[in-house]
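Analysis of the macromolecular model
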Amino acid sequence: LRWLRSMVESIDPVYVPFLVGHRGFHSVHDRSDVRPLENSLMAYEAAWTNGIHLCECDIALTKDERIILAHDENFQRLGMDPSSPLANRTVRDLTFKELMSLPLKSGARPPLLFDVLRSAAAIGGNAKM
């Protein structure tokens, strides 16, 4: 992630506040072991700690009304086992407990919005969603 920090530091400081991390910091072209998985806690923390102050996110409501970070309507694309019945169900039809039993390609779980916001507060500075 050194190159991310170098890239941010090379930008005129006047423009840095206008940078936005898309689903945190990730790349759809890299392997998941190279960069954090999109919308993961690690993706947001990587962006914030490397100088990107603002990140956008995608949220979804689970069956038991927990707000999680998720872009797709299911986890078939990001699930470690895309053939899993849970990966093919829509987020709104899954409870948070069921989602916690569904590992993503990175080995992480879909985070709660609250946990990501708590991390931003702990990092401090200009970390924002």
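These numbers were taken from a predicted model, which means no experiment stands behind them.

1. Section: the pattern of salt bridges
Going through the model one piece at a time under the given rule, you end up with seven salt bridges. Note that Arg23 and Asp58 form a salt bridge whose closest N and O atoms lie 3.2 Å from each other. You can see Arg23 sitting in the loop between strand 1 (20-22) and helix 2 (41-49) and its partner Asp58 sitting in the loop between strand 2 (54-56) and strand 3 (59-61), a full 35 residues away along the chain. Two residues, Arg77 and Glu38, come together in a salt bridge whose shortest N-O distance is 2.7 Å. Remark: Glu38 occurs in the loop between strand 1 and helix 2 and Arg77 occurs in the loop between strand 4 (67-69) and helix 3 (85-88); sequence separation between them is 39 residues. Residues participating in the shared-partner salt-bridge network are Arg23, Glu38, Asp58, Asp72 and Arg77.

2. Things to note about the packing of helix 2 against helix 5 (residues 113-123)
In the contact formed by helix 2 and helix 5, the axes pass within 10 Å of each other and the chain directions differ by 25°. By the angle between their directions, the pair helix 2 and helix 5 is classed as roughly parallel. Two packed elements cross with a definite hand, and for helix 2 against helix 5 that hand is right-handed. From helix 2, Leu41, Tyr44, Glu45, Trp48 and Thr49 reach across to helix 5, where they touch Asp115, Val116, Ser119, Ala120 and Ile123.

3. As for unusual backbone geometry
Note: most peptide bonds trans; most residues except glycine with negative phi. With a phi angle near 55°, Arg23 is a residue other than glycine that sits in the positive phi range. Judged by its relative accessible area of 11%, Arg23 falls in the buried class. Positive phi is not limited to glycine here, since Glu65 has a value of about 65°. Using a relative accessible area of 63% as the deciding quantity, one classes Glu65 as exposed.

4. A closer look at helix 2
Within helix 2, the full set of buried residues consists of Ala43, Tyr44, Ala46, Ala47 and Trp48. Looking at the packing, one finds that the buried side of helix 2 touches helix 1 (2-10), strand 2, strand 4 and helix 5. Among the residues trailing helix 2, Gly51 stands out with phi positive, at a value near 100°.

5. Some remarks on the environment of Phe96
For Phe96, the location among the structural elements is in helix 4 (residues 96-100). According to the relative accessible area criterion, Phe96 is buried, its value standing at 14%. Counting along the chain gives 28 residues from Phe96 to Ile68, while the straight-line C-alpha distance between them is 8.5 Å. Beyond its immediate chain neighbours, meaning those up to four positions away, Phe96 contacts Thr62, Asp64, Arg66, Ile68, Pro110 and Leu112.

6. Topic: the packing of aromatic side chains
This structure, assessed with the given rule, holds one aromatic pair. Summarising the aromatic geometry, the rings of Tyr44 and Trp48 are spaced 5.9 Å apart at their centres and angled 40° between planes, so their arrangement reads as tilted. Here Trp48 and Tyr44 lie together in helix 2, a separation of four residues that amounts to about one turn. Judged by its relative accessible area of 6%, Trp48 falls in the buried class. Directly above the aromatic system of Phe96 lies the positively charged group of Arg66, at a separation of 4.6 Å from the ring centroid.

What counts and how
- Residues numbered from 1 in each chain as written.
- Predicted model: local features only at pLDDT ≥ 70, side-chain atom pairs only at ≥ 80, totals over all residues.
- Heavy atoms only, no water.
- Salt bridge = Lys/Arg side-chain N within 4 Å of Asp/Glu carboxyl O.
- Helix = DSSP H or I, 4+ residues; strand = E, 2+ residues; numbered from the N terminus.
- Axes fitted to C-alpha atoms, helices over the stretch in contact; angles between N-to-C directions.
- Parallel < 35°, antiparallel > 145°, perpendicular 65-115°, else oblique.
- Left-handed = near helix turned anticlockwise from the far one by under 90°.
- Contact = heavy atoms within 4.5 Å.
- Buried < 20%, exposed > 50% of the residue type's maximum accessible area, 1.4 Å probe, protein only.
- Phe/Tyr/Trp six-rings, centres within 6.5 Å; stacked < 30°, edge-to-face > 60°.
- Lys NZ or Arg CZ within 6 Å of the ring centre and 35° of its normal.

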